[in-house]
Amino acid sequence: NAGVTQTPKFRILKIGQSMTLQCTQDMNHNYMYWYRQDPGMGLKLIYYSVGAGITDKGEVPNGYNVSRSTTEDFPLRLELAAPSQTSVYFCASSYSESQPQHFGDGTRLSIL
Amino acid sequence: EDKVVQSPLSLVVHEGDTVTLNCSYEVTNFRSLLWYKQEKKAPTFLFMLTSSGIEKKSGRLSSILDKKELFSILNITATQTGDSAIYLCAVSLSGAGSYQLTFGKGTKLSVIP
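Summarised in this report is the structure supplied together with it. The structure presented is a predicted model; accordingly, all values stated were derived computationally and were not measured. (Residues numbered from 1 in each chain as written. Chains lettered and ligands numbered in written order. Predicted model: local features only at pLDDT ≥ 70, side-chain atom pairs only at ≥ 80, totals over all residues. Heavy atoms only, no water.)

### Some points on the state of the cysteines
All names here are of chain B.
Logical step 1: By the definition in use, this model includes two disulfides over all chains.
Logical step 2: At a sulfur-sulfur separation of 1.9 Å, the disulfide partner of Cys-23 is Cys-89. Taking the sign of the torsion about the S-S bond as the criterion, the disulfide between Cys-23 and Cys-89, at about -70°, is left-handed. Placement of Cys-23 in strand β3 (residues 19–26) and of Cys-89 in strand β9 (residues 85–93) is noted, with a sequence separation of 66 residues between them. (Disulfide = S-S within 2.5 Å. Helix = DSSP H or I, 4+ residues; strand = E, 2+ residues; numbered from the N terminus.)

Here's what the structure looks like:
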């Protein structure tokens, strides 16, 4: 099993550009999550989804959007990149809200 | 505000030492506490603890939860250089809409030969 796969692994954006971070999982998990991790800080939840067609905001959603058209995929979109969005982004999934979350390898994003 | 605090923030030990990592929490509607190991990439799941006093063990790693005093410890015995990583503690909450994990800042463990 591949688990949770994120692409790309690295990306440099200019201020104001947009991009989509891809996340796909092959574990048939209903729950999917996007976190960001800044140096010296814990992971912060951006958005989550409890199933196809259902998404909701987490702790730090400003500047991001998500969609969930299939069980497998949960892309994260940055519309107008800002330097404050420089971070490492992790996608995770779980079978239910009470089960452990499993993480992808992350996308390191720099905005200059 | 829900809070998870890990200590120490960093630790350097020699191979063969035993280490104890600490995690305290102040949250509403506690469901479980989870430990993850993060090397260069994805946090990988170690343990999930829901009940007080029951030790979870996997090889040289073990963990226990104290729900009365609101803390957990992660023990690593006979440390190896491969144990070098950031260890993350996270708390899961119960209740409607409580899907996120609240993470601590992590403990960076360095094991030197």
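There's more to say after this.
### Brief notes about the sheet that holds β3(B)
Residue and element names in this part refer to chain B.
Logical step 1: In space, the five strands of this open sheet follow the order β1-β3-β8-β7-β6, with antiparallel pairing throughout. Two strands bound the open sheet, and with one partner strand each, they are β1 (3–7) and β6 (56–58). On average, each strand axis in the sheet is inclined to that of its neighbour by 15°, with strand direction left out of account.
Logical step 2: In terms of strand pairing, strand β7 (residues 61–66) meets strand β8 (residues 71–76) through six bridges, oriented antiparallel. Across the sheet, the residue bridging to Ser-63 is Leu-74, located in β8. (Pairing = 2+ DSSP bridges. Axes fitted to C-alpha atoms, helices over the stretch in contact; angles between N-to-C directions.)

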